[in-house]
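# Observations on chain architecture
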Amino acid sequence: MMDIIKQCMENGESYVFRQKFNNLFSKEEFNHLLNLRPFTTVSRFLPTKRNKRLEKYKALTSEQKREPWVKSLDSIPPSIIEEVIKTCVCYWPDCSRVNKQINDLCFELEELSGENCDAHIFFAIDKKLENSFGAHYDEATNLIVQVEGRTHWKVCTDKVNTDEVPPNVKDIDKYGVGIDTILNQGDAIFIPKHVLHEPKNLTSRISVSFPMKSREPWLTRPNQRQDRKWLEVDFT
């Protein structure tokens, strides 16, 4: 499988993997993160659409946000989280260390690509929910794993000229769709940067996206690689 990913990287090709990632992440792990305060701060919990109640909470003073024993004043109360996830697709960035499998896959992708890799966990609790991205291209190459549910994907064959095509387009079919498929649990899709793609939920879903990118445009040199050492303590 990693040989195919390497070949896709070298050729700038998209590719669909079937049933190669069945044990990457679970609903139980997802629900644990959803109730873990470090993952529900305003910088970690990211909805793809604005929510009035969340925006009102962000505008509160530190004193108004304070709760007994809570160290982070940016932790969003669960009642607001519950409201937000009912209205739009949401995601967590910086998730490469939520479990060993994801951390190890990030390391393998970094070794193959020479890029820095992260893991973003996207989720929609209802099939009717759509993110605000629509048909778009990314500045990073991506491997996207379907953890739960089913998603319909359209992916174009060739990269676009980013000087001529905006990051979001209304009609992806005008740009030459090469992949038109459905991802089920355990499937994945590899998409090079600057290739237009459009995901649409067919059910509620969880997916993990692995973006690979060396540096942001404003940096003069590539970022340092993350430390991928995995810690385990055996209490005997």
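Structure's up top.
Residues numbered from 1 in each chain as written. Predicted model: local features only at pLDDT ≥ 70, side-chain atom pairs only at ≥ 80, totals over all residues. Heavy atoms only, no water.

## Thoughts on the pairing of strand β7 (residues 141-148)
- Among the 8 residues of β7, 8 are classified as buried, and the element is accordingly described as predominantly covered.
- Judged from the 7 bridges that link them, β7 and strand β13 (residues 205-213) form a sheet pairing that is antiparallel. Note on β13: the bridge partner recorded for glutamate 148 is isoleucine 206.
- Summarising the sheet, β7 and strand β11 (residues 188-191) pair through 4 bridges and their orientation is antiparallel. Bridging across to β11, isoleucine 144 finds its partner in isoleucine 189. (Buried < 20%, exposed > 50% of the residue type's maximum accessible area, 1.4 Å probe, protein only. Helix = DSSP H or I, 4+ residues; strand = E, 2+ residues; numbered from the N terminus. Pairing = 2+ DSSP bridges.)

## Digging into the packing of aromatic side chains
- Applying the stated criterion to the full structure yields 7 aromatic pairs.
- Between the aromatic rings of phenylalanine 17 and phenylalanine 21, the centroid separation amounts to 6.5 Å while the plane-to-plane angle is 90°, which identifies the pairing as edge-to-face. Per residue, the accessibility class of phenylalanine 17 equals that of phenylalanine 21, and both read buried.
- Between phenylalanine 39 and tryptophan 92 the ring centres are 6.0 Å apart and the planes differ by 85°, which places this aromatic pair in the edge-to-face class. Placement of the pair is phenylalanine 39 in the loop between α2 (27-34) and β2 (46-47) and tryptophan 92 in strand β3 (residues 90-92), with a sequence separation of 53 residues. You'll find phenylalanine 39 and tryptophan 92 in the same group, each marked buried.
- Each residue in the set Phe30, Phe39, Trp92 and Phe123 is aromatic and connected to the rest through ring pairs, giving one cluster.
- Here the basic side chain of arginine 44 rests over the ring of phenylalanine 39, its NZ or CZ set 4.2 Å away from the ring centre.
- When the ring centre of tyrosine 57 is taken as reference, the NZ or CZ atom of lysine 65 above it lies at 5.2 Å. (Phe/Tyr/Trp six-rings, centres within 6.5 Å; stacked < 30°, edge-to-face > 60°. Lys NZ or Arg CZ within 6 Å of the ring centre and 35° of its normal.)

## Remarks on the pattern of salt bridges
- Under the criterion given, the structure shown has 11 salt bridges.
- Its salt-bridge partner being glutamate 55, residue arginine 50 comes within 3.7 Å of it at the nearest N-O pair.
- The exposed category is assigned to arginine 50, whose relative accessible area is 71%.
- Through salt bridges that share partners, Glu110, Glu111, Arg225 and Arg228 make up one connected network. (Salt bridge = Lys/Arg side-chain N within 4 Å of Asp/Glu carboxyl O.)

## Brief notes about the side chain of aspartate 118
- Locating aspartate 118 in the fold gives a position in the loop between β4 (116-117) and β5 (120-124).
- Arginine 228 provides the closest opposite charge to the buried, unpaired aspartate 118, separated from it by 5.8 Å.
- For aspartate 118, the side chain forms a polar contact with the side chain of histidine 120, separated by 3.0 Å.
- In contact with aspartate 118, other than residues within four places in its own chain, are Pro93, Asp94, Cys95, Ser96, Cys106, Ser209, Phe210 and Pro211. (Lys, Arg positive; Asp, Glu negative; His and termini not counted. Polar contact = N/O pair within 3.5 Å; in protein donor to acceptor, adjacent residues only side chain to side chain. Contact = heavy atoms within 4.5 Å.)

## Things to note about the nonpolar core
- Judged by nonpolar contacts, the single largest core of 41 residues is most densely connected at Trp92, Leu143 and Phe210.
- Counting residues in hydrophobic clusters, the runner-up holds 16 residues, among them Ile144, Trp153, Ile179 and Leu196. (Core = buried A, V, L, I, M, F, W, Y, C linked by side-chain atoms within 4.5 Å.)

## Some points on unusual backbone geometry
- The backbone phi angle of aspartate 94 is positive, close to 55°, even though this residue is not glycine.
- With respect to the secondary-structure elements, aspartate 94 resides in the loop between β3 and α6 (100-113).
- You will see that histidine 194, though not glycine, has its phi angle at about 70°, which is positive.

## Regarding the packing of helix α1 (residues 2-11) against α6
- As a packed pair, α1 and α6 sit with axes 10 Å apart at the nearest point and diverge in direction by 45°. Regarding the angle of α1 to α6, the classification is oblique. When the axes of α1 and α6 are compared, the crossing they make is right-handed. Every residue of α6 that contacts α1 at Met2, Ile5, Lys6 and Met9 is listed here: Glu108, Leu109, Leu112 and Ser113.
- Grouping the constituent residues of the contact of α1 with α6 by class yields 5 nonpolar, 1 polar and 2 charged. (Axes fitted to C-alpha atoms, helices over the stretch in contact; angles between N-to-C directions. Parallel < 35°, antiparallel > 145°, perpendicular 65-115°, else oblique. Left-handed = near helix turned anticlockwise from the far one by under 90°. Nonpolar A, V, L, I, M, F, W, Y, C, P; charged D, E, K, R; others polar.)

## A look at the environment of threonine 162
- Following the sequence through the fold, threonine 162 ends up in the loop between β8 (151-156) and β9 (168-169).
- Judged by relative accessible area, threonine 162 falls into the partly exposed class, the value being 30%.
- C-alpha separation for the pair threonine 162 and histidine 194, spaced 32 residues apart in sequence, amounts to 7.1 Å.
- When near neighbours in sequence (up to four residues on either side) are disregarded, threonine 162 contacts Tyr137 and His194.

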